[in-house]
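Summary of the model geometry
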Amino acid sequence: MASIQEPKIVNIGTRRSQLAIAQVDMIVKHLETHAPGPSYKSQVVSTMADENQVKSFQEFNAKSIWTEELEKLLMEKKLDVIVHCLKDVPTVLPDSCTLGVICEREDPRDVMVIKQDSTYKTLQSLPSGSIVGTSSVRRKAQIMRHYPHLICEDVRGNLNTRLRKLDAEDSPYACLILAAAGLKRIDLGYRITQYLGPEDGMLYAPGQGALALEVREGDEQTMALLSSLSHQTTTLACLAEKSLLRTLEGGCSAPVGVHTDWEGDVLVLHSTVTSLDGKQMVEMNMKRVVKTIAEAEALGKELADNMIAQGANTILEEIRAGLR
């Protein structure tokens, strides 16, 4: 009598946060519907940045503060898939790992979330000396550039923790700058006061708003299971953004902002590199017909090369030197 074959178990790892767990649950639910057969199990892992909620992101020397522990488990075959926010993924992965799939993007923009009892509705209307809560080097640099009358201070913790810090009676913060995607994924979109874009001087992080699924290099079986999650225009736009970041040699905490738009088959890539004090900025945009990954990555590299020629790398090198 033939033996009954046990169903394949696909172990899917993520970080230890409410948002990360909500995101992996979305992925599992999709796979159970669109790639039935295996048993999909999520595993939660604490990363370097999750463990240390005091140190600012800028103080971490590692470029893989969100991913290193998870990738170790992937390479040891204790995980088969890692669910990442693409903006947190280093531009260069370990040789034995690859980005299998980039999922359809949620709104990639940054947003302002105001203190609950505040009457202010825009970043532009905040009075001089107001404290903006953000731990992002990129957001701080852009605020210093366009809103030098405001003060940026670090705020760490998961989204609910940060919102509690904002709303506390003795809170020093007038507002927080957060990613729209994270708030929407855990049903906190109602807290968004203002969406921020290039017109406000605020460009988002490369890859922001998109989920990326990392797998072992050569694991074709798992790649096939994940294929229904792949989203073509998101993939091309995000790979252009990440190619730009890689060429600039910036990590996920570098003050590099991007904004992408599609005009038919034409991808419009807009980017800024801003010094931490906001006093220097290189800003450029470029558009090209993009239908393939190679064309997307070529666009990102070409724009980055042009920005380096205009001094972008000098700004980033000064920041790196200050961290040594």
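Given the structure is predicted, the values throughout are model-derived calculations rather than measurements.

**A look at the overall build of the chain**
Broken down by element type, the chain carries 10 helices and 13 strands. Taken along the three principal axes of its C-alpha coordinates, the chain extends 80 × 50 × 40 Å. The buried share among the 324 residues of the chain stands at 51%. Pairs at least 24 apart in sequence give 70% of the contacts found in the chain among residues at least 6 apart. Roughly 14800 Å² of accessible area belongs to the chain as shown, and the carbon and sulfur atoms make up 50% of that amount. Mean positive and mean negative side-chain charge positions of the chain (36 and 43 charges, respectively) differ by 2 Å.

**Re the domain arrangement of the chain**
For the chain, the assigned domains read domain 1 (1-104 + 210-230), domain 2 (110-200) and domain 3 (231-323). Placing a centre on the C-alpha atoms of domain 2 and another on those of domain 3 gives a separation of 24 Å. Contact residues are listed per partner, giving eight residues for domain 2 and 16 residues for domain 3. Roughly 850 Å² is buried in total at the junction of domain 2 and domain 3, and carbon and sulfur atoms are behind 65% of that figure. Among the residues of domain 2 in contact with domain 3, V137, R145 and P198 are the three that bury the most area, contributing 52% of the side total. Counting the contacts that link domain 2 with domain 3 gives two residue pairs in polar contact (both at pLDDT 80 or more). Along the lines of polarity and charge, the residues of the side of domain 2 that touches domain 3 split into four nonpolar, two polar and two charged.

**Some words on the nonpolar core**
Note that soluble globular proteins tend to have their nonpolar side chains buried in a common cluster. If you look at the biggest cluster of nonpolar residues, it comprises 25 residues, and the most contacted ones within it are L244, L248, V256, L269, V273 and M307. When residues of this core are traced back to their parent elements, those giving at least two are α8 (232-247), β11 (256-263), β12 (266-274), β13 (281-289), α9 (293-309) and α10 (312-323). Not counting chain neighbours up to four residues away, the residues in contact with M307 comprise L244, S271, T272, V273, V282, M284 and A312. In this structure, A35, Y40, V81 and V101 belong to the second largest nonpolar core, which totals 19 residues.

**Structural notes on the packing of α8 against α9**
Contact geometry for α8 and α9: axes closest at 7 Å, N-to-C directions at 35°. Note on packing geometry: the crossing formed by α8 with α9 is right-handed. Of the residues in α9, those touching α8 at L236, L239, A240, S243, L244, R246 and T247 are I293, A296, E297, G300, K301, L303, A304, D305, M307 and I308. For the contact of α8 with α9, a count of residues per class yields 10 nonpolar, three polar and four charged.

**Section: the sheet that holds strand β9 (residues 194-196)**
Here we have five strands laid out as an open sheet, ordered β7-β6-β8-β5-β9, and mixed in their pairing. This sheet does not close on itself; its edge strands, each paired only once, are β7 (151-153) and β9. In this sheet, neighbouring strand axes are inclined to one another by 30° on average, regardless of whether the strands run parallel or antiparallel. Against the sheet, helix α4 (residues 137-146) makes contact with β5 (110-114), β6 (131-133), β7 and β8 (175-179), and its axis sits at roughly 125° relative to β8, the strand it touches most. Helix α5 (residues 159-167) rests against β5 and β8 of the sheet, and its axis sits at about 165° to β8.

**A closer look at the pattern of salt bridges**
Counted according to the given criterion, the structure contains 18 salt bridges. The shortest N-O distance in the salt bridge between R139 and D110 comes to 2.8 Å. One end of the pair, R139, is in helix α4; the other, D110, is in strand β5, and 29 residues separate them in sequence. Each member of the pair, R139 together with D110, is buried. With its nearest N and O atoms 3.7 Å apart, the salt bridge here joins K291 to D265. Residue K291 is found in the loop between β13 and α9, and its partner D265 is found in the loop between β11 and β12; the two are separated by 26 residues along the sequence. A cluster of three or more residues bridged by salt bridges with shared partners is formed by K72, E76 and K78.

Rules behind the numbers
- Residues numbered from 1 in each chain as written.
- Predicted model: local features only at pLDDT ≥ 70, side-chain atom pairs only at ≥ 80, totals over all residues.
- Heavy atoms only, no water.
- Helix = DSSP H or I, 4+ residues; strand = E, 2+ residues; numbered from the N terminus.
- Buried < 20%, exposed > 50% of the residue type's maximum accessible area, 1.4 Å probe, protein only.
- Contact = heavy atoms within 4.5 Å.
- Areas by Shrake-Rupley, 256 points an atom, 1.4 Å probe, with all protein chains shown as cover.
- Lys, Arg positive; Asp, Glu negative; His and termini not counted.
- Charge placed at Lys NZ, Arg CZ, Asp CG, Glu CD.
- Domains from an automatic or database assignment.
- Buried area = accessible area lost by both parts, 1.4 Å probe.
- Polar contact = N/O pair within 3.5 Å; in protein donor to acceptor, adjacent residues only side chain to side chain.
- Nonpolar A, V, L, I, M, F, W, Y, C, P; charged D, E, K, R; others polar.
- Core = buried A, V, L, I, M, F, W, Y, C linked by side-chain atoms within 4.5 Å.
- Axes fitted to C-alpha atoms, helices over the stretch in contact; angles between N-to-C directions.
- Left-handed = near helix turned anticlockwise from the far one by under 90°.
- Pairing = 2+ DSSP bridges.
- Salt bridge = Lys/Arg side-chain N within 4 Å of Asp/Glu carboxyl O.

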